[in-house]
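If you want the building blocks of each chain, they are given just below.
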2 protein chains.
Amino acid sequence: MIMIIIIDKREKEEIMARYSRQREAIRKQVSGRKDHPTAETLYAELKKDFPELSLATVYRNLGQLAEWGEVVKIDSYGAARFDWVVEPHSHFFCRECGCVVDMPEADDRMPRDIAEHFDGVIESSASNFFGLCKECKEKLDRESRN
Amino acid sequence: MIMIIIIDKREKEEIMARYSRQREAIRKQVSGRKDHPTAETLYAELKKDFPELSLATVYRNLGQLAEWGEVVKIDSYGAARFDWVVEPHSHFFCRECGCVVDMPEADDRMPRDIAEHFDGVIESSASNFFGLCKECKEKLDRESRN
DNA sequence: TACTTAATGATAATGATTATCATTATCGAT
DNA sequence: ATCGATAATGATAATCATTATCATTAAGTA
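Here the residue numbers are simple positions, counted from 1 along each chain's written sequence. Throughout, the order in which chains and ligands are written sets their labels, letters from A for the former and numbers from 1 for the latter. Given that this is a predicted model, residues contribute local features only at a pLDDT of at least 70 and side-chain atom pairs are listed and counted only at 80 or more, while totals for whole chains, interfaces and linings are drawn from all residues. Note that water and hydrogens are dropped before the side-chain values are worked out from all heavy atoms of the structure.

1. Considering helix H3 (residues 55-67) of chain A
Residues and elements named next belong to chain A. With 13 residues, H3 extends 18 Å from end C-alpha to end C-alpha; this agrees with the ideal 18 Å at 1.5 Å per step. Exposure is judged per residue with a 1.4 Å probe applied to protein chains only, and the accessible area is read against the type maximum: over 50% gives exposed, under 20% gives buried, and values in between give partly exposed. Secondary structure elements follow DSSP: runs of H or I no shorter than four residues count as helices, runs of E no shorter than two count as strands, and numbering proceeds from the N terminus. Residues of H3 that are buried: Thr57, Val58, Asn61, Leu62 and Leu65. Mapping the buried residues of H3 onto a view down its axis gives an arc of 125°, with all of them on the same face. Only heavy atoms matter for contacts: two residues are in contact if any of them lie within 4.5 Å across the pair. Where H3 is buried, its residues contact helix H1 (21-31), helix H2 (39-49) and strand S2 (81-83). Immediately beyond the C-terminal end of H3, within one or two residues, lies Gly69, with a positive phi of roughly 80°. In this analysis, the expected span of each helix is defined as 1.5 Å times one less than the number of residues it contains. Directions drawn from the helix axis to the C-beta atoms are what define this arc.

2. Re the protein's contact with DNA strand C
Near DNA strand C lie 20 residues; those nearest to it are Arg18(A), Ser20(A), Thr57(A), Tyr59(B) and Ala80(B). If you look at DNA strand C and keep only atoms within 4 Å of the protein, 63% of those are sugar or phosphate atoms. Whenever two N or O atoms come within 3.5 Å, that pair is a polar contact, provided that in protein one can donate a hydrogen and the other can accept it, and provided that, for residues adjacent in sequence, both atoms are side-chain atoms. One nitrogen or oxygen atom from the side chain of Ser20(A) is found 2.7 Å from a phosphate oxygen belonging to DNA strand C. Separating a phosphate oxygen of DNA strand C from a side-chain N or O atom of Thr57(A) is a distance of 2.7 Å. Distances are taken per atom, and a residue is near a molecule or strand as soon as one of its heavy atoms is within 4 Å of it.

3. Details of the sheet that holds strand S4 (residues 100-103) of chain B
Two strands qualify as a pair provided that DSSP identifies no fewer than 2 bridges between them. If you walk across this open sheet you meet the six strands as S4(A)-S3(A)-S5(A)-S5(B)-S3(B)-S4(B), and the pairing is mixed. Every other strand in the sheet has two partners, leaving strand S4 (100-103) of chain A together with S4 of chain B as the edge strands with one partner each. Averaged over all adjacent pairs, the angle separating strand axes in this sheet is 30°, with direction ignored. One ladder, built from four bridges, connects strand S3 (residues 90-94) of chain A with strand S5 (residues 121-132) of chain A; its direction is parallel. By the bridge assignment, His91(A) is partnered in S5(A) with Asn128(A). For helices, the fitted axis covers only the stretch in contact; all axes are lines through C-alpha atoms, and the angles between them, taken along N-to-C directions, range from 0 to 180 degrees.

4. With respect to the pairing of strand S3 (residues 90-94) of chain B
Residues and elements named next belong to chain B. With five of five residues buried, S3 lies mostly within the body of the structure. Of the two faces of S3, the one lined by Ser90, Phe92 and Cys94 and the one lined by His91 and Phe93 are each fully buried. Taken together, the four bridges between S3 and S4 define a ladder with antiparallel strand orientation. Bridging from a neighbouring strand, Phe93 pairs with Val100 of S4. Linkage of S3 to S4, two consecutive antiparallel strands, is achieved through a turn of five residues, within which Gly98 is found at a positive phi near 80°.

5. Some details on the domain arrangement of chain A
Residue and element names in this part refer to chain A. By the assigned domains, chain A splits into domain 1 (20-86) and domain 2 (88-146). Defined here as a combined quantity, buried area equals the accessible surface (1.4 Å probe) lost by two parts on assembly, summed across both. A combined buried area of about 720 Å² lies between domain 1 and domain 2, and 58% of that area is made up of carbon and sulfur atoms. Any carboxyl oxygen of Asp or Glu within 4 Å of a side-chain nitrogen of Lys or Arg constitutes a salt bridge here. On inspection of domain 1 and its partner domain 2, the count reaches zero salt bridges. Residues were grouped as follows: Ala, Val, Leu, Ile, Met, Phe, Trp, Tyr, Cys and Pro as nonpolar; Asp, Glu, Lys and Arg as charged; and all remaining residues, including Gly, as polar. Among the residues making up the side of domain 1 that touches domain 2, the classes are represented as four nonpolar, two polar and two charged. Each domain's limits were defined by an automated method or a database of domain assignments.

6. Description of the state of the cysteines
Two cysteine sulfurs form what is called a disulfide whenever their separation falls within 2.5 Å. Here the structure, examined in full by the defined rule, presents zero disulfides over all chains. Considering cysteine sulfurs only, Cys133(A) is the nearest to Cys136(A), which forms no disulfide, with 3.7 Å between them. Using a relative accessible area of 9% as the deciding quantity, one classes Cys136(A) as buried. With no disulfide partner, Cys97(B) has as its closest neighbouring cysteine sulfur the one in Cys99(B), 3.4 Å distant.

Laid out in structure tokens, this is it:
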């Protein structure tokens, strides 16, 4: 039995969303970066051009954007991180520098496989990898060689 | 290039660990259950036979046991959960009842695959699935039929 | 221009976890 | 058995990420 995996991009709510400069700025800031910033990081960056911005507004809007499927909330291991790339893919977490990098080739294959043996409904999945990123690996290699 | 995946079960520290009734009780409590209890849940249960127990002690010991590779800390989505099964496997999180169930057949295949395309070091991985468990699916099916 | 109400900023509150610290308990050596 | 060093504990304060509250501001429509 093949089971379809539903990625839950729900429609934009009953209540109509209004425009706001803050949300627009947050949207632009997230989409402009390839790292996976935390709310705090985005806040710090946005504050430069937007001194009156509140951290609560950043959290509020990121939550909303995630709900609308415009960003993905990577909800693990300390502070949540946000990703502009909404196509399903995995993430790697470096234990040394704390960076998060995309693992595009991971997904797709497996969930389908798993779903066949599962009695409930799988709506989404996330594969996380841990270890040392390229840079930290090389750095530690260099250090141990001394 | 095939890369070996190292599960980081580090040796039991320099400092020698001493016996304690509390740790023993915590160890027994975790190993005795198949759900994936949080620290708080374990605390509540242990408190019955151990009224003087402190929540801090539960956290402390679970952290230690995890460090020693005796339990696995499932570090995601709200409160951390602890698993006595240390062999690599995935978990399913039900969005309705919040239960966590094992997905034994998930791992193994994929990480090896991924590792070939990764320049750093992958030490471990975790695949998480989200959706509705069997019970909640059936319950919701029943309700929508009315 | 006025009105309705979504969005904001400031901040208090919450929840999970960790840190602190004085006291207690383990365990090897005496 | 008792001593001494120090790991472990219990109680609780502190921290960190996030959410809730609420009075004020600002979209967007009538």
